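Summary of the model geometry
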Amino acid sequence: ESLRADQQEALAEGRLSAVDLEGLSPSPAVREALVDAGARTLGGDEDLLLAVRSSAPEEDAAEQSFAGQLESFLFVSPEDVAERVADVWRSAFRESVLEYRQAQGLEGAPPPPAVVVQRMVNPDRAGVAFSADPSTGQRGVCVVGAVRGVGTALVDGTEDGDTFHVDREGQVVEREIRKQRVAHRWDRERSGLREATLMATDGAAPALTDEQATAVADLARRAERHFGRPQDVEWAWAGDTLYLLQARPITKLAGRPDPDAPLRVWDNSNIAESYSGVTTPLTYTFARRAYEAVYQSFLRVMQVPESTIEAHADTFRTMIGLIRGRIYYNLLSWYQTLALLPGFRFNRAFMEDMMGVNERLPEELLPEREAASLAEKIWDALQLVWSALHLVLYHFRIDDRIDDFYDLLDRTLQPPAPGLEQMRLDELADFYRTLEDELLARWDVPIANDFFAMIFFGLSKRAVERWGGAAADRHNHLLTGHGALVSTEPARRMREMAEEVTGRPRLTKTLLEGSLREIEVVLDDRPELRAKYEAYLDRFSDRCLDELKLESATLRDDPLSLWRSVGALARRLAQEDVPAPGTTEQRMRKEAEATLDDALSGKPVRRRLTKWTLHHARERIAARENLRFERTRAFGVARRIFLEMGRRLCANDRLDDPRDVFYLERGELLGVVEGTASTTDLRALVDVRRDEFDEYHAAPPPPDRFRTRGAVHAYDLIPESSGEQADDGDDAFQEKWTGTGCCPGTVRGPVRVVRDPRNETLEPGEILVAERTDPGWVTLFTAASGLIVEHGSLLSHAAIVSREMGVPSVVSLPGITDQLQTGDVVEIDGQAGTVRRIREE
């Protein structure tokens, strides 16, 4: 109200500055009211002195602090309050304040500040306190800074003062006492601050006793509880009284993890093969339940005591997590699970190879298995021997167990009568429960096979590297050529279809460029091709892109990518001699075996041990891939059950679309049937989830590996540094990366960076570059002359299938999809695991 009309207009338009307010002064009426209010409210004694402080709406907010930007005045006489109020107003429009606002992302003119008038305290000691340590982020440590006299020197940074760190129990755990101090006191006779220099010695008392520092810390924490967030407070002691002068939020602390909170390490490793990108709530909760139940079942098979399994229930429940819509391994839970098995220290490296963990877990984070007493150590050793013995016995019957598991799958996955399409919602839920109970209880067989694959892969690798001589670099070759690998069957079937098309240019063009309707028309005249196509769908319709994500469309939903790949292969067969699947890997294996035989000649014991470990490694790795296909079948049936449940809920007006069911969690969906759901407004729940997951799709993904402290979703992620790929320095126009070679062979050609293989085709000679792959990518493998993948390990699907198909491949090259562009010419060496970019003149 004190502004003139032109000043009010300038304020509204954001043009008002401190210069425009030079003549600003409260009216006589306001002056008189201020003096009267000061005398009436704060006391009218003749020695009354006041503090005049700013309180702008933007000042001391949770997101930013304008501390020190606006003026504050201490030891003000009541007659001068009005002028100091005007000074505070003017300070809000200084150029430095406007620049600070812009730096904080605030636009437009600042709102005029309110002004607080307080009775002034002339303290013996004063300072600041943080209810949480702003430098480390520790919520359990309060930091108290103190000086003698008035605390202005400490606040404005001209004095460091004494510093006390007080923990939650009220104990001073750290103190830093200054050797030289300056006391700032108000001199009434001189009407100003008087500085008295105090030279402290080692025995001199600090500004606060420990009891006083603890009292200040308690005051800061009370302010935090009152305002609901960590506070930066100013305080003062006058005599025996502690005063709270000001409190503001500690900015930039929200989202910052507490370094004292429990640590978690997250890694997406080769789980990204199964669950790439953003994953819906239904898929995640379905998978999390599977991980929890399956690994508990596996440990029971390994004779781990039930009491131990129950004691680690939280470990199994947290083996995977959903971080910003993406699934990650919780590595500490995995290591803790593995530590329950015999020979943890020995198996650790094998597990890391299998999971494709690029960076080993630091030793200090590894779970310990040491017993506290001699008796406990003896008991622990006996359990170790018993578990190891049972593990050996289990392995002797692993093939029979796998056959029994296949029989169980065939019985359990048999379509019910009536079919899923005719079941009620409750019948669908009951069928799913039966499926889950039957399969999860017996899924220990695939997990046990994975464990043995891990063991024998590691043993055979060590044996070949130690005793194999020139064969040491050919361990991967020795594991190829397993004809019973179901993962290569799609490639063989696709070749059979392509051979039906080869030599028919018009048909090839239709498959490469036509619509599904046009392809269906030409199939009417090709009954043999249609029969092969239908047989392929009957066998592999669930083996689609992102096949383990329940929300993924299957080949029956959209078979166009299959036809595009068949057309591309037919065109390639017409132009060049393409080896049949399986021939290249058989040749590589024979050559590697001959080299190994030479190295082991005359060493029968080493020869027998090496051959034995290689045989079992091949068997277990092949079984691993085949059992993964059976997992795909089980997920396919679950997908159809959930979609039918979505259709029933849609028919009952609980959902707008059947596919909205994927935005519900497993427990929520079953809870609708069983009466345990806490939210029944499914439409609103789906809308909230869809909006959230759309944001995840649009935002950059989290790092492949990172850490969290404390509550995972309450604080920021802590990225871990990863080694950068180095240029080899031979030529300024060449760049070289080194990863893990999976299939030997050297090939040079242009790359095609593919992020979504749907409707994507490769030109002859192109090298496929992908962030990650799953079995749904096999349609592109057949046309690729080479394969480069960011993620993966020697036991990942891309590595195994590329070896079986004889496609030179390199995996585990972080960031390669961003560093290469489609059309770049590279040379890959699948033996050495190198990729070199060639820049032609």
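So, here is what we can say about the structure in this document.

1. Describing the overall build of the protein
In terms of helices and strands, the protein carries 29 helices and 24 strands. Per-residue burial for the protein yields a buried fraction of 52% across its 841 residues. Long-range contacts, defined here as pairs at least 24 residues apart, represent 68% of the contacts in the protein between residues at least 6 apart.

2. Things to note about the packing of aromatic side chains
One pass over the full model with this rule turns up 19 aromatic pairs. Where Tyr295 meets Trp334, the ring centres are 5.1 Å apart and the plane angle is 75°; that geometry is what we call edge-to-face. A residue pair is termed long-range when its members are at least 10 positions apart, and Tyr295 in helix α8 (residues 281-301) and Trp334 in helix α11 (residues 331-339) qualify at 39 residues. Trp334 sits in the buried class, given a relative accessible area of 8%. Plain terms: the ring middles of Phe456 and Trp612 are 5.4 Å apart, the flat faces sit at 75° to each other, and that makes the pair edge-to-face. Placement of the pair is Phe456 in helix α16 (residues 444-467) and Trp612 in helix α24 (residues 604-651), with a sequence separation of 156 residues.

3. Things to note about the sheet that holds strand β2 (residues 72-76)
The antiparallel open sheet is built from three strands, whose spatial order is β2-β1-β3. The sheet is open, and its two borders are formed by β2 and β3 (114-119), each paired with just one other strand. Mean inter-strand twist for the sheet, computed between neighbouring axes without regard to direction, equals 20°. Where strand β1 (residues 50-55) and β2 come together, three bridges link them in antiparallel fashion. Bridge pairing links Leu50 to Val76 in β2. With respect to the sheet, helix α3 (residues 81-91) is in contact with β1, β2 and β3, its orientation differing from that of β1 by roughly 25°.

4. Brief notes about the pattern of salt bridges
In total, this model carries 49 salt bridges according to the counting rule given. Salt-bridge contacts for Arg666 lead to Glu436; the nearest nitrogen and oxygen are separated by 3.0 Å. Of the two residues, Arg666 is situated in helix α25 (residues 666-674) and Glu436 in helix α15 (residues 425-440); the sequence distance between them amounts to 230 residues. Here the two residues Arg666 and Glu436 agree in accessibility, since each one is buried. Among the ionic pairs, Arg640 bridges to Asp542, the shortest N-O distance being 3.4 Å. You can see Arg640 sitting in helix α24 and its partner Asp542 sitting in the loop between α21 (527-540) and α22 (560-575), a full 98 residues away along the chain.

5. Quick look at the nonpolar core
Formed by 99 residues in total, the largest nonpolar core has its most connected members in Phe451, Ile641, Phe642 and Met645. Per-element tally for this core: the top contributor is α24, with 15 residues. In this view, Met645 contacts Leu425, Leu428, Ala429, Leu669, Leu670 and Val673; residues no more than four positions away in its chain are not counted. In this structure, Val486, Met497, Phe540 and Leu573 belong to the second largest nonpolar core, which totals 24 residues.

6. A few points about the environment of Glu224
Tracing the backbone shows Glu224 in helix α6 (residues 210-227). With relative accessibility at 25%, the residue Glu224 sits in the partly exposed group. A C-alpha to C-alpha distance of 6.7 Å links Glu224 and Ser131, two positions 93 residues apart in sequence. If near-sequence neighbours (up to four positions away) are discounted, Glu224 is found in contact with Ser131, Arg229, Pro230 and Gln231.

7. Some details on α6
The first and last C-alpha atoms of α6 sit 26 Å apart over 18 residues, in line with the 26 Å expected at 1.5 Å per residue. Inspection of α6 places Gln212, Ala213, Val216, Ala217, Leu219, Ala220, Arg221 and Ala223 among the buried residues, and these make up the whole buried set. On its buried face, α6 sits against β4 (125-130), β5 (142-148), β6 (162-166), β7 (172-176), β10 (231-238) and β11 (241-249).

8. Digging into a nonpolar patch on the surface
Together, Trp386, Leu389, Val392, Leu393 and Phe396 make up a nonpolar patch on the protein surface, roughly 550 Å² of accessible area in all. Residue placement: Phe396 occurs in helix α13 (residues 374-396).

9. Let's talk about the pairing of strand β19 (residues 746-753)
Both β19 and strand β23 (residues 825-829) contribute to a ladder of five bridges, which runs antiparallel. The partner of Arg748 across the bridge, within β23, is Glu827. Examined bridge by bridge, β19 and strand β20 (residues 767-770) share three bridges and lie parallel to one another. Note on β20: the bridge partner recorded for Arg752 is Leu768.

10. Remarks on the packing of α15 against α25
In contact at an axis separation of 9 Å, α15 and α25 are set at 130° when each is read in the N-to-C sense. Our classification of the angle between α15 and α25 gives oblique. Handedness of the α15/α25 crossing: left-handed. When α15 is examined against α25, the residues Leu425, Asp426, Ala429, Tyr432, Arg433 and Glu436 are found in contact with a partner set consisting of Arg666, Leu670, Val673 and Glu674.

Scoring rules and cut-offs
Residues numbered from 1 in each chain as written. Predicted model: local features only at pLDDT ≥ 70, side-chain atom pairs only at ≥ 80, totals over all residues. Heavy atoms only, no water. Helix = DSSP H or I, 4+ residues; strand = E, 2+ residues; numbered from the N terminus. Buried < 20%, exposed > 50% of the residue type's maximum accessible area, 1.4 Å probe, protein only. Contact = heavy atoms within 4.5 Å. Phe/Tyr/Trp six-rings, centres within 6.5 Å; stacked < 30°, edge-to-face > 60°. Pairing = 2+ DSSP bridges. Axes fitted to C-alpha atoms, helices over the stretch in contact; angles between N-to-C directions. Salt bridge = Lys/Arg side-chain N within 4 Å of Asp/Glu carboxyl O. Core = buried A, V, L, I, M, F, W, Y, C linked by side-chain atoms within 4.5 Å. Expected span 1.5 Å × (residues − 1). Patch = residues over 30% accessible without salt bridge, like charges linked within 9 Å, V, L, I, M, F, W, Y side chains within 5 Å. Areas by Shrake-Rupley, 256 points an atom, 1.4 Å probe, with all protein chains shown as cover. Parallel < 35°, antiparallel > 145°, perpendicular 65-115°, else oblique. Left-handed = near helix turned anticlockwise from the far one by under 90°.

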